[in-house]
Amino acid sequence: MRERYYPLMATIAVFIALFLVGGAMYKHFLSTLVLGQMLADNAFIIIAAIGTTFVIISGGIDLSVGSMIGFVGVVMANLDAAGWHPLASAAMMLAFGILFGALQGLIIDFCEIQPFIITLAGLFLLRGSCFMVNLDSVPIRHPFVEAFAGANIPLPGGGFLASSAIVMFVVLAAAIVIGHYTRFGTNVYAIGGDRASAVLMGVPIRRTTVMLYAMGGFYSALGGVIYALYTASGYPLAGTGNELTAIAAVVLGGTLLTGGVGMVFGTLFGGLILGIIATIIDFDGSLNGAWIMIVGGLLLFIFILAQRTIMGSFMLRRST
Amino acid sequence: MSVDRAIAAAEAPPIARRLTALLAHRAVWPLVALVIILVIDAFFAHGFFRVRVVEGRLFGSLVDVFYRGMPTALVALGMAVVIGTKGIDLSVGSIIAICAAVIAWRMHEGDPHFVILLLALGTGLLCGLWNGTLVAFLDIQPIIATLILMVSGRGIGLMINLIYGGTNPSFTSPLLQGLSTGHIGLIPTRLIIGAGLFALLWLLLRRTALGLFLESVGANARAADLAGISARLVKLSAYLISGLCAGSAGIIIGADTHTSDPVSIGLYIELDAILAVVIGGGSLAGGRIFLGMTVIGVLVIQTLTTSILMSGLPPEFNLIVKAIVVLIVLLLQSNNLRAALVRLFSGRKR
């Protein structure tokens, strides 16, 4: 097996191990019901993290993810109250996500400001816009929402694949194609691997950067749409801190923050690992919610150490 | 007459050049932003500049800007040092939460308050040691290394609250609250503490070799290493300083709120602190530490916040106005955009 698949294998192994640990600790844990529920619960964050994966592979970062999720939900809920069909408002918000991301990418490249700062301003801007629209949780009452929540594919063993999880798998497949089989995907890896060399090789930096953040905006907006449909509401504080969850999922999925190394497919399992920790702690019932934070941090630490050891063994280590 | 004109013509370019040089100076744009906000306040916020003495202490919006901005300023100073070494410290909010939790816990155990003060500072140092070890000795990227403590730190704070049952994490301490909300003469104590810490940090960076070491490690860690500077120890010291600064901010905020609330204490303070450093002209690419400019950055952010509250706008506007002002300051600092604007305007004139 090729060495670049090692981190991915490690991530999948950890996920399976955690699933088995859960199964050993609790009855009924090892079932497609739990697995399907976990996929449905975490679909929105995994979708958002897919966009973050591309941004991180390019050596950048996108902090506006969580606010985008909240903003999309709030606008969709208000448009629903105004009589819009959820699909129409979703299409509009996806277009908005693409435009907003493209603008962020343009500023980052044209003004040569670090992505961290520009997307931080984006975080404030979108969260502020949420509060401007309304301060309360607004329900989405359109019958389509119920139909969407009810749609699913039954799995063997009593579980089912919810519609949000189906959307997640579709866009994941699209992202894998974009990442590994298009010129744009190759350009992203090239910029993240070595920006100066990419410039010399004639990679269109500006176009790629703008498209990259536009894609990040699209995926986080889609995450917001799924979240709004899944919770059937728009809440201005929704998605707070989710940008960090997304980054954690990407890192757990084996993508290096130094850029140039990583796979979208790993992000799926990175997100699921975070989900399974929360599920185990839910199952236990007596464990404090504080443990979710502590175990999340601990796992992040262990993974980074493991990644460094694996990377160091075949000289992919980069100087920081 | 013609001679005068000739002199004027000869002098014009240097003035223009000096003006251009001034506009390019790093201190100009943040200061311009601060002045513009203050001028707007003079028109719209009634009595913004009135400072009066109430109950033996200074009172007024201007004092309030310094008073409320002080914890952020403390955190931002530490952040400026870390960013100077090409690092970043996302965990400062969590460090504040842990410190406040430690204070409340030891208060319940009945330790002497002075010891608790030292314990809180020690906790900050310990957190800085953890971050610094990850960054300097395990070579983990700063943003991720500090993300670990950021994610788990508030959980640790909650666990500390649970040590004594966690039912009543409030406390009162004349010593700590004196440091936070008290005043010496007319001046609030926390301003004196902030000024003292600033002076200490300034002396440490500008009157010892440490400042030069920090900046050289930030500019080029490998070159600094080859020049005989132990880049690892220097990086570690930056995170220790940041931990200590966050610890002191934790004491001030914790004592101010009289309680340990790990979930919400110091929330988003890391973002404000990073913004302050960047507004002050510090580059995330490292290599420069501007302490004074960082304080100006904090003042820009805090004046903005106070002005929005004073102006009667709903507080929901706070974030969006902050984002827009920050964006404008950042865009003005960008050479590319300024050049494009100059081209646009000169093109129109011709």
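Residues numbered from 1 in each chain as written. Chains lettered and ligands numbered in written order. Predicted model: local features only at pLDDT ≥ 70, side-chain atom pairs only at ≥ 80, totals over all residues.

S.K.: Help me understand the overall build of chain A, please; the structure alone is not making it clear to me.
M.R.: Check the secondary structure of chain A and you find 13 helices and 4 strands. By the compact-globule yardstick of 20 Å for 320 residues, chain A fits well, its C-alpha radius of gyration being 19 Å. Within chain A, buried positions represent 51% of all 320 residues. (Helix = DSSP H or I, 4+ residues; strand = E, 2+ residues; numbered from the N terminus. Rg over C-alpha atoms; globule rule 2.2 N^0.38 Å. Buried ≥ 20, exposed ≤ 12 C-beta atoms within 10 Å, placed from the backbone.)

S.K.: For this particular structure, what's the right way to read the overall build of chain B?
M.R.: In terms of regular secondary structure, chain B is built from 15 helices and 4 strands. For 350 residues, the compact-globule formula gives about 20 Å, and the C-alpha radius of gyration of chain B, at 23 Å, lands near that figure. Evaluated residue by residue, chain B yields a buried proportion of 47% over its 350 residues.

S.K.: What's the story with the environment of A:Met201 in this structure? I'm lost.
M.R.: All names here are of chain A. Residue placement: Met-201 occurs in the loop between helix H9 (195-200) and helix H10 (205-231). Its 10 C-beta neighbours within 10 Å are what place Met-201 among the exposed residues. Residues Met-201 and Leu-8 lie 193 residues apart in sequence; the distance between their C-alpha atoms is 29 Å.

S.K.: How do you make sense of the environment of B:Gln302 when you look at a structure like this?
M.R.: Residues and elements named next belong to chain B. In this fold, Gln-302 is placed in helix H13 (residues 291-310). Of the residues examined, Gln-302 has 21 C-beta atoms within 10 Å and is grouped as buried. Gln-302 sits 238 residues away from Asp-64 along the chain, and the two C-alpha atoms are 9.2 Å apart. Ignoring any residue separated from it by four or fewer positions in sequence, one finds Gln-302 in contact with Val-65, Arg-68, Gly-69 and Thr-72. (Contact = placed C-beta atoms within 7 Å.)

S.K.: What is the right way to read the nonpolar core from this model?
M.R.: In a soluble, globular protein the nonpolar side chains are often hidden away together inside. Counting residues in hydrophobic clusters, the biggest one holds 198 residues, and the most contacted among them are A:Ile47, A:Leu300 and B:Ile96. Excluding its chain neighbours within four sequence positions, the residues that come into contact with A:Leu300 are A:Ala248, A:Val251, A:Leu252, B:Leu147, B:Ile148 and B:Val151. (Core = buried A, V, L, I, M, F, W, Y, C linked by C-beta atoms within 7 Å.)

S.K.: So what exactly am I meant to see when it comes to the packing of helix H2 (residues 28-44) of chain B against helix H14 (residues 317-333) of chain B here?
M.R.: Between two packed helices, the angle of one axis relative to the other and the distance separating the axes together describe the packing. Residues and elements named next belong to chain B. Contact geometry for H2 and H14: axes closest at 9 Å, N-to-C directions at 145°. Crossing angle aside, the handedness with which H2 passes H14 is right-handed. In this structure, H2 uses Trp-29, Pro-30 and Ala-33 to contact H14, whose residues at the interface are Val-325, Val-329, Leu-332 and Gln-333. Classifying every residue of the contact of H2 with H14 gives 6 nonpolar, 1 polar and no charged. (Axes fitted to C-alpha atoms, helices over the stretch in contact; angles between N-to-C directions. Left-handed = near helix turned anticlockwise from the far one by under 90°. Nonpolar A, V, L, I, M, F, W, Y, C, P; charged D, E, K, R; others polar.)

S.K.: Looking at this structure, how should I read helix H8 (residues 183-193) of chain A?
M.R.: Because the α-helix completes a turn every 3.6 residues, residues three or four places apart line up on one side. Residue and element names in this part refer to chain A. Along H8, the positions that sit buried rather than exposed are Asn-187, Val-188, Ile-191 and Gly-192. Down the axis of H8, the buried side of the element spans an arc of 130°, and every buried residue falls inside it. Looking at the buried residues of H8, the elements they touch are helix H2 (32-57), H9 and H10. (Arc of directions from axis to C-beta.)

S.K.: What am I meant to see in the interface of chain A and chain B here?
M.R.: Interface size is commonly expressed as the accessible area that is lost once the parts come together. Listed as interface residues are 35 residues of chain A and, on the opposing side, 33 residues of chain B. Only helix H5 (115-133), helix H11 (242-252) and helix H13 (290-313) of chain A provide two or more residues apiece to the side of chain A that touches chain B. Class assignment of the residues belonging to the side of chain A that touches chain B gives a composition of 24 nonpolar, 9 polar and 2 charged.

S.K.: How do you make sense of unusual backbone geometry when you look at a structure like this?
M.R.: Excluding glycine, residues mostly have negative phi values, and the peptide bonds linking residues are mostly trans. Residues and elements named next belong to chain A. Residue Glu-112 is not a glycine yet carries a positive backbone phi of 55°. Position of Glu-112 among the secondary structure elements: in the loop between helix H4 (86-110) and H5. Exposure remark for Glu-112: the 11 C-beta atoms within 10 Å place this residue in the exposed category.

S.K.: I tried to follow helix H3 (residues 65-81) of chain A on my own but got confused; where do I start?
M.R.: Residue and element names in this part refer to chain A. Its 17 residues place the ends of H3 25 Å apart at the C-alpha level, agreeing with the 24 Å of an ideal helix rising 1.5 Å per residue. In terms of residue burial, H3 counts as a mostly covered element, since 15 of its 17 residues are buried. Remark: Gly-83 follows H3 within two positions and exhibits a positive phi of approximately 95°. (Expected span 1.5 Å × (residues − 1).)

S.K.: Quick question: what am I supposed to make of the environment of B:Gly84 here?
M.R.: Its location among the elements puts B:Gly84 in helix H3 (residues 61-84). When sequence neighbours within four positions are dropped, the list of residues in contact with B:Gly84 reads B:Leu214, B:Glu215, B:Gly218, B:Gly282, B:Gly286, B:Gly287, B:Arg288 and B:Ile289.

S.K.: Just to check I follow, could you spell out the packing of helix H1 (residues 6-25) of chain A against helix H12 (residues 264-284) of chain A for this structure?
M.R.: All names here are of chain A. As a packed pair, H1 and H12 sit with axes 9 Å apart at the nearest point and diverge in direction by 20°. If you check the angle between H1 and H12, you find them roughly parallel. Handedness of the H1/H12 crossing: left-handed. Residues Pro-7, Leu-8, Thr-11, Ile-12, Val-14, Phe-15, Leu-18, Phe-19 and Gly-22 of H1 lie in contact with H12, whose contacting residues are Phe-265, Gly-266, Phe-269, Gly-270, Leu-272, Ile-273, Ile-276, Thr-279, Ile-280 and Phe-283. In terms of residue class, the contact of H1 with H12 is made up of 14 nonpolar, 5 polar and no charged. (Parallel < 35°, antiparallel > 145°, perpendicular 65-115°, else oblique.)

S.K.: Where do I start with the confidence of the model for chain B in this structure?
M.R.: Low pLDDT marks stretches whose predicted atomic positions should not be read closely. With 94% of its residues at a pLDDT of 70 or more, chain B shows a mean pLDDT of 86. Our summary of model confidence lists the complex with pTM equal to 0.84 and ipTM equal to 0.78. (pLDDT = per-residue confidence, 0-100.)

S.K.: Can you help me understand the confidence of the model for chain A in this one?
M.R.: Averaged over every residue, the pLDDT of chain A is 89; residues scoring 70 or more account for 96%. With pLDDT under 50 throughout, residues 314-320 of chain A is counted as low confidence; its partners more than four residues away or in other chains account for 9 contacts.

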